[in-house]
Amino acid sequence: MLTKLSTLIFVLGLLLFGYRRIFSYLRYFQQEEYSNRRFIAWIREKRAFDRRGSAVVCTLGIIALVLPGEWYGLVFSTLAATALWCITVVIEQDPRTSGKLKLNMTQRARKISLVAFILYALVAFVPLALSCGSCGGSQNGLAMTAFFALLLVQSPALFLIASNKLLWPVEKALQDRYYAEAQRIMRQANPFVIGITGSYGKTGAKAALGDLMTQCLAPTFWPRKGINTIMGITRAIRETLKSFHHFAVIEMGAYNIGSIKRLCDFTPPKAALVTSVGIMHLERFGTPENVYLAKSEIAQALPADGILVCNGDSPNARRMASEHRRAVTLLYGLDESAGALDCYASELAFDDQGTRFVIHWKGARYPGRTPLLGRPALSNALGAFTMVCALGADPAYVAACLANLQPVDNRLVLDRKPFVSFLRDAYNSNPTGFEAALDVLKTLSAKRRIVMTPGMIELGEQQYEQNRRLATLSAAVADLFIIVGNTNKDALLAGLTGASFPIEKIVLAENREAAFLAITDRGAQGDLVLIENDLGDLHEGTVSF
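Residues numbered from 1 in each chain as written. Predicted model: local features only at pLDDT ≥ 70, side-chain atom pairs only at ≥ 80, totals over all residues. Heavy atoms only, no water.

**Q** So what exactly am I meant to see when it comes to the packing of helix 12 (residues 288-295) against helix 14 (residues 315-323) here?
**A** A packed helix pair is summarised by two numbers, namely the angle formed by the two axes and the spacing between the axes. Relative to each other, helix 12 and helix 14 sit at 50 degrees, their axes nearing to 11 Å. By the criterion of interaxial angle, the relationship of helix 12 to helix 14 is oblique. Crossing geometry of helix 12 relative to helix 14 is assigned as right-handed. When helix 12 is examined against helix 14, the residues E289, Y292 and K295 are found in contact with a partner set consisting of N316, R319, M320 and E323. (Axes fitted to C-alpha atoms, helices over the stretch in contact; angles between N-to-C directions. Helix = DSSP H or I, 4+ residues; strand = E, 2+ residues; numbered from the N terminus. Parallel < 35°, antiparallel > 145°, perpendicular 65-115°, else oblique. Left-handed = near helix turned anticlockwise from the far one by under 90°. Contact = heavy atoms within 4.5 Å.)

**Q** It is not clear to me how the packing of aromatic side chains should be interpreted in this structure. Could you clarify?
**A** The relation between two aromatic rings is expressed through the spacing of the ring centres and the mutual angle of the planes. Evaluation of the coordinates by the stated rule reveals 14 aromatic pairs. For the ring pair F117 and Y120, a centre distance of 6.5 Å and an interplane angle of 20 degrees mean the geometry is stacked. Linking F117 with Y120, this pair stays in helix 5 (residues 107-135), spanning 3 residues, or about one helical turn. For F117, a relative accessible area of 23% translates into the label partly exposed. Judged by its relative accessible area of 0%, Y120 falls in the buried class. Between Y179 and F266 the ring centres are 4.6 Å apart and the planes differ by 25 degrees, which places this aromatic pair in the stacked class. With a gap of 87 residues between them, Y179 in helix 7 (residues 156-189) and F266 in helix 10 (residues 259-266) connect regions that are remote in the sequence. Taking the relative accessible area as the measure of exposure, Y179 reaches 24% and is therefore partly exposed. Feature note: the residues Y25, Y28, F29, Y34, F39 and W42 constitute an aromatic cluster, connected by ring pairs. Sitting over the ring of Y28, R27 keeps its end group 5.1 Å from the ring centre. Taking NZ or CZ as reference, R238 lies 3.9 Å from the ring centre of Y178, over its face. (Phe/Tyr/Trp six-rings, centres within 6.5 Å; stacked < 30°, edge-to-face > 60°. Buried < 20%, exposed > 50% of the residue type's maximum accessible area, 1.4 Å probe, protein only. Lys NZ or Arg CZ within 6 Å of the ring centre and 35° of its normal.)

**Q** So what exactly am I meant to see when it comes to the state of the cysteines here?
**A** Cysteine pairs can be covalently joined through their sulfur atoms, and such a bond is termed a disulfide. All told, the structure shown has 0 disulfides when counted by the stated rule. The thiol of C343 is not disulfide-bonded; the next cysteine sulfur, from C389, is found 7.0 Å away. Considering cysteine sulfurs only, C216 is the nearest to C401, which forms no disulfide, with 3.9 Å between them. (Disulfide = S-S within 2.5 Å.)

**Q** Which parts of the structure should I look at to understand the sheet that holds strand 6 (residues 328-333)?
**A** The strands making up a sheet are joined through hydrogen bonds of the backbone, oriented either antiparallel or parallel. Read across the sheet, 9 strands follow the order 2-3-1-4-5-6-7-8-9 without closing on themselves; strand pairing throughout is mixed. Each end of this open sheet is capped by a strand with a single partner; those strands are strand 2 (220-221) and strand 9 (364-370). Bridge analysis of strand 4 (residues 271-274) against strand 5 (residues 307-311) gives 4 bridges, and the strand direction is parallel. Note on strand 5: the bridge partner recorded for V274 is C310. (Pairing = 2+ DSSP bridges.)

**Q** Quick question: what am I supposed to make of the environment of F501 here?
**A** Turning to its location among the elements, F501 is positioned in the loop between helix 19 (489-498) and strand 14 (506-509). The exposure class of F501 is buried, given its relative accessible area of 6%. C-alpha separation for the pair F501 and A471, spaced 30 residues apart in sequence, amounts to 9.7 Å. Those residues within four positions of F501 in sequence are excluded, and the remaining contacts are A475, A478, D479, L480, F481, L496 and I506.

Structure (structure tokens):
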């Protein structure tokens, strides 16, 4: 009887443990967009296995063998259940209220977590009850219970994967319904669609283009922030596209070959803006040529009388303009050395208020300024200028409207403070953007310049070399360099030490919070800190359960 009571208490502790641990894993699963394959790869890479719960149940099993007896079993199972409760409720933070990206309990997240917990509970009760029954109160009953418990505390992630698979038919049917509804709304509104893609810069270009289109031509719909997947765009269309929108600017992200084609089938573009074709997300595509093929799907989707605007500073975007010419094909850029440009900017100057420039378009000069900082941001604005003018807007008026553009969050946003100021460029750093951020940092006034970065990711086999190279460039600009996390620590250290950057001016921070503490400790009035990239929970540091 006491053995069964011990088992019941222990099972209750396991259930609470599993309930909370499912949420902990679900946060990462959600950030991997519920991809079972990528979630499993992340668990393996980060070795995100349970340690605390396993230590508790192993200890319980050993004690049960060393000190057999029903009363001992009752005492130690109670202690073990309490320990499991403390691990998940007291020691570990609730992922729904903590972390860089908190667990967003959407309807899909609720369903996946609920089914995962039901599966977990069923598996917890059945074998544990059998183990108890088979032992019939023997002194080994609790030890066998501990053995099954060890399997369970390691398994919440597996139950999430199983739940996701079980629910997929339901989720697919729901997505199909929303997709059809969004298509119906698109047909009724019938906007002129402009697709945007690029290895980087597409979100900034989308914001600039949507803003300029509305100011210079007609009401324009565009999904805010970095929404660039079919389901994200589907939701934006269902919620915000209206019949008065004459234009729609759609950001099209590529996650593999065929991604952009599917988006083009969903929202067929009549014009396209290509901001760049580089090596971002190389890990997903395998080769730079595959990146090009994936991005060029947007140009192939244009009708013969469509408008194609490409960044002439990007060799592969220039190649795309050459291989997929349409009735109107235009190149824009900041550097004419690679070939002729239909629209370009010169006389660039950066200061705290933004960027001054002169735009050259069809033989005329249009001086202006914008609060945007950095060559990539100005390049995006220039691409938007070219597209809006190609659609018939007055170039002088468009140039004037560039002064009204606002920086996109965490993309070279200057935040002046009385003590330490920040240049925030924390969103998805890439080699071109990192280099441009250093140029801006070098230009802006400051007593000391500090670079704080975890480096860049998703660059495939080039990741080490690109991080090493940018660290070397940083050594010529920075007075203090803070390396965040371990992901690119070796490459960044190699670049800094290779450039003879003083070792005492390098700070190693375990994570973002530790980096900010280092700034608090070592910062001085007049310092300017470049925050270059901020890796999500999936990539920053180790994961400990």
